[in-house]
Structures are given as structure tokens and as C-alpha cells.
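Structural characterization, general
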Amino acid sequence: VRFDYAYNEYLHTLASFGGVGILALISITALIISSVLSTFSSKDPLKVGLGICSMSLLVIFLFHGSTLPIWLIGMVVLAGFWVLNVDESPRDFSW
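Summarised in this report is the structure supplied together with it. (Residues numbered from 1 in each chain as written. Predicted model: local features only at pLDDT ≥ 70, side-chain atom pairs only at ≥ 80, totals over all residues. Heavy atoms only, no water.)

Our focus in this paragraph is the overall build of the protein chain. Scanning the protein chain for helices and strands turns up three helices and zero strands. Reading the secondary structure of the protein chain in the N-to-C direction produces α-α-α. Going through the 95 residues of the protein chain one by one, you find that 26% of them count as buried. For the protein chain, long-range pairs separated by at least 24 residues make up 58% of all intrachain contacts whose partners lie at least 6 apart in sequence. (Helix = DSSP H or I, 4+ residues; strand = E, 2+ residues; numbered from the N terminus. Buried < 20%, exposed > 50% of the residue type's maximum accessible area, 1.4 Å probe, protein only. Contact = heavy atoms within 4.5 Å.)

Take the packing of aromatic side chains next. Applying the stated criterion to the full structure yields two aromatic pairs. Seen from their ring centres, Phe61 and Trp71 are 4.7 Å apart, and the 40 degrees between their planes marks the pair as tilted. Here Phe61, found in helix 2 (residues 45-63), pairs with Trp71, found in helix 3 (residues 68-84); they are ten residues apart in sequence, far enough to count as distant. In this structure Phe61 comes out as buried when scored by relative accessible area, which is 6%. Between the aromatic rings of Phe81 and Trp82, the centroid separation amounts to 5.8 Å while the plane-to-plane angle is 70 degrees, which identifies the pairing as edge-to-face. (Phe/Tyr/Trp six-rings, centres within 6.5 Å; stacked < 30°, edge-to-face > 60°.)

A few words now on the nonpolar core. Grouped burial of nonpolar side chains is what soluble globular proteins tend to show. In terms of nonpolar packing, the biggest core is built from twelve residues, these being Tyr10, Ile22, Leu25, Ile32, Val36, Leu50, Leu57, Leu58, Phe61, Val77, Leu78 and Phe81. Elements with a contribution of two residues or more to this core: helix 1 (9-39), helix 2 and helix 3. Among the elements that line this core, the one with the most residues is helix 1, at five residues. Residues within four places of Phe61 in sequence aside, it is in contact with Asn8, Glu9, Tyr10, Ser66, Ile70 and Trp71. (Core = buried A, V, L, I, M, F, W, Y, C linked by side-chain atoms within 4.5 Å.)

Turning to helix 1, a few remarks are in order. Taking 1.5 Å as the rise per residue, helix 1 with 31 residues should run 45 Å; its terminal C-alpha atoms sit only 25 Å apart, a clear shortfall. Along helix 1, the largest kink reaches about 135 degrees and is centred on Phe17. One side-chain oxygen of the residue at the start of helix 1 lies 3.2 Å from the amide nitrogen of Tyr10, identifying that residue as Asn8. (Expected span 1.5 Å × (residues − 1). Bend = angle between axes of the 7 residues up to and from the residue. Polar contact = N/O pair within 3.5 Å; in protein donor to acceptor, adjacent residues only side chain to side chain.)

A few words on the packing of helix 2 against helix 3. Close contact between helix 2 and helix 3 brings their axes to 9 Å; oriented N to C, the two are set at 145 degrees. As helix 2 runs across helix 3, the sense of the crossing is left-handed. Contacts between helix 2 and helix 3 involve Leu46, Lys47, Leu50, Gly51, Cys53, Ser54, Leu57, Ile60 and Phe61 from the first element and Ile70, Trp71, Gly74, Val77, Leu78, Gly80, Phe81 and Leu84 from the second. Along the lines of polarity and charge, the residues of the contact of helix 2 with helix 3 split into twelve nonpolar, four polar and one charged. (Axes fitted to C-alpha atoms, helices over the stretch in contact; angles between N-to-C directions. Left-handed = near helix turned anticlockwise from the far one by under 90°. Nonpolar A, V, L, I, M, F, W, Y, C, P; charged D, E, K, R; others polar.)

This next bit is on the side chain of Ser35. If you trace the backbone, Ser35 turns up in helix 1. Here Ser35 falls in the buried class, since its relative accessible area comes to 15%. Residue contacts for Ser35: discarding those within four places in its chain leaves Phe81 and Trp82.

All quantities given are derived from atomic positions and should not be read as evidence of function.
As C-alpha cells, this is what we get:
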């Protein structure tokens, strides 16, 4: 029996890219989860809503093989989430 696509995005990444790919995907997932959990204490409903959408995207990736529309909508949601959570303090990148 041969399958062209794995059951979910994590298994597909493991099958396609091996251990390095799954470690990268798990790292990105952990970063998103930690950011979302810290956002739930916010008073801004837009931040909380985008955090819930980001967590929903991770659940979709866990239980379903993703398609191009899911990726595009997910990336727009994640971009909005990251833009709202950017720290406005200036950063000093000098040595």
C-alpha cells in the first residue's frame, strides 16, 4: 500500500524532511504556543482572538493534512498575531 500524503502536517513533515524538519516544525509550534499563552492575559480582544485563531491553526495541522488555502489563511492569521505582539521598544543591535 502506498500513500502520497501523510495523515497530518507533522507526519508529512517527518516523512518528507526527516528529523531536522520535524524538529524545526516542533520548535515553531512551541514558539507559537508560548506566545499565544502569554497573550491570553491581554485585555485587547483582537490579540486574544488572533491567539485563538493561531491555536486553531495548530490543531488543524495536527488532525488534518493541510491544503494551500489553509496555509494561506493560516499565514495571514499568524502574521497579524505577530504584528500585534511586536514589542514597540527600540532595540540596540550595536556590538
